[in-house]
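Okay, here's what each chain looks like letter by letter:
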Amino acid sequence: MSARLFSTASRQAARAAVARVATVSASRSISMAATRPAFKLSAPAVARTIKTISFNGKEDEIVHERADWPQEKLLDYFKNDTIALIGYGSQGYGQGLNMRDNGLNVIIGVRKDGASWKAAQEDGWVPGKNLFDVNEAIGKGTIIMNLLSDAAQSETWPQIKPLITKGKTLYFSHGFSPVFKDLTKVETPADVDVILVAPKGSGRTVRSLFKEGRGINSSYAVWNDVTGKADEKAVALAIAVGSGYVYQTTFEKEVRSDLYGERGCLMGGIHGMFLAQYEVLRERGHSPSEAFNETVEEATQSLYPLIGKYGMDYMYDACSTTARRGALDWSPKFKDALKPVFNELYDRVEDGSETQRSLEFNSQKDYRAKFEAELQDIRDLEIWRVGKEVRKLRPENN
Ligand SMILES: NC(=O)c1ccc[n+]([C@@H]2O[C@H](COP(=O)([O-])OP(=O)(O)OC[C@H]3O[C@@H](n4cnc5c(N)ncnc54)[C@H](OP(=O)(O)O)[C@@H]3O)[C@@H](O)[C@H]2O)c1
């Protein structure tokens, strides 16, 4: 398809988008019920800031923004805490470094013979000072952030559970372990606060957005509230790890939406759609370059960023009338074809089948090698080999 980007129509659409943003901002501030206490450094950090926003004009959602938790307030709130972050994979890296940059007292707990021990040292964590083995870190921590891989959370739970003693707070970034406790065997202690902050993106992005002064969106939830402060603690931690805006959910809803989303539009579904479109183009005689550009390159380099920045309507508005007509006509057909697949996926997430599959695969001793073999199969697909060459031809890569 040809996209007449930045044409007269696009400029009109851009102006319209700006006008729309202004309207949305105005209505947002009208529908927002905010109780914003005047913050003083010396004030006890127990004051709550609650905002509700109705995104669809019907249901109120509780949201919090970084502006509600300035750094001074975070420092005051966590002044008596040692935050022990267990696991230093993708999320451990992003959340840990952001909290350290926010000035909080963070320590890392990882096994000494693993890759993470080395990675943490490379990022400036010092053995014996703020880098310990898992058990020692949990012993020192008041807030225990369990950022092991989900399979490892299940595997290590018998060792970790007795160390989560009364008075500590247990934190997850996914509802997986507690929600599917029949499968994971992660039965959380009844006498500690159990909370969740789930960044909506990779730990690498959690870090890079924070460094750019931006923030990833995260959800937060409470599983167990023994102190009456679990909700507030979750919000404070969400901001401390680098979130931009934070919305309230439950552990159950977080895990279902997350497993569903990553298998669907975020990763699995979009990859399936790329492959199907590319294969048909190639089978019908189109060149690799043409098939790749019409399937992936134009999407990621031109159109998807417009959706991200201004919305779907803007993207439609910014392309040719021919492209727009066809896309508008075909979109419902794709939706009707795919909706049963999405329902099947949601059912499998809800009944634990996807959890079972994930635990079984990722608990195998050789799961990394098996996963690497699957990645190699993807690398070897023509579409992604073509992609590698096409990326080299981008002027900025010359
Ligand atoms: N990645 C994401 O995009 C993302 C987004 C939102 C939420 N989350 C959630 O965040 C949590 C952490 O995910 P992640 O992606 O950061 O995990 P990850 O990158 O897979 O990190 C794995 C960590 O677990 C440790 N580990 C693995 N097996 C272990 C074992 N048997 N004993 C001790 N340590 C072990 C690894 O240490 P070694 O180096 O020693 O193996 C590593 O530090 C999960 O609950 C996940 O669902 C992830």
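Looking at an unreviewed UniProt entry, one finds the chain named Ketol-acid reductoisomerase, mitochondrial, with Yarrowia lipolytica as its source organism. The record held by UniProt for the chain lists under Subcellular location (unreviewed entry) the comment "Mitochondrion". Quoted verbatim from the Sequence similarities (unreviewed entry) field of the UniProt record, the comment on the chain reads "Belongs to the ketol-acid reductoisomerase family."

Peer 1: For the UniProt feature "binding site: Mg(2+) 2" (unreviewed entry) in the chain, give the residues involved together with the corresponding values.
Peer 2: Within the UniProt annotation, "binding site: Mg(2+) 2" (unreviewed entry) is assigned to D258, E294 and E298. Considering only the annotated residues already named, the ones lining the second largest pocket are E294 and E298. Mapped onto the elements of the fold, E294 is located in helix α13 (residues 288-310). Its relative accessible area of 18% is what places E298 among the buried residues.

Peer 1: Requested: an account of the pattern of salt bridges, with residues and values cited.
Peer 2: Counting across every chain of the model gives 19 salt bridges. The partner of R348 in a salt bridge is E354, and the shortest N-O contact between them spans 2.6 Å. For R348, a relative accessible area of 33% gives the class partly exposed. Looking at E354, the relative accessible area reads 12%, which means it is buried. Its salt-bridge partner being E389, residue K392 comes within 3.2 Å of it at the nearest N-O pair. Separated by 3 residues within a single helix, K392 and E389 lie in helix α18 (residues 382-392), roughly one turn from each other.

Peer 1: Please provide a residue-by-residue account of the pairing of strand β10 (residues 216-224), values included.
Peer 2: One ladder, built from 6 bridges, connects strand β9 (residues 193-199) with β10; its direction is antiparallel. Along β10, the bridge assignment pairs P199 with S218. Pairing of β10 with strand β11 (residues 243-248), which is carried by 4 bridges, proceeds in the parallel orientation. Bridging across to β11, I216 finds its partner in S243.

Cut-off values and rules
Residues numbered from 1 in each chain as written. Predicted model: local features only at pLDDT ≥ 70, side-chain atom pairs only at ≥ 80, totals over all residues. Heavy atoms only, no water. UniProt positions renumbered as here; feature names shortened; annotations may be inferred. 1 Å grid on protein atoms, 1.4 Å probe; cavity = no way out; pocket = protein on both sides within 12 Å on 5 of 7 lines; lining within 4 Å. Helix = DSSP H or I, 4+ residues; strand = E, 2+ residues; numbered from the N terminus. Buried < 20%, exposed > 50% of the residue type's maximum accessible area, 1.4 Å probe, protein only. Salt bridge = Lys/Arg side-chain N within 4 Å of Asp/Glu carboxyl O. Pairing = 2+ DSSP bridges.

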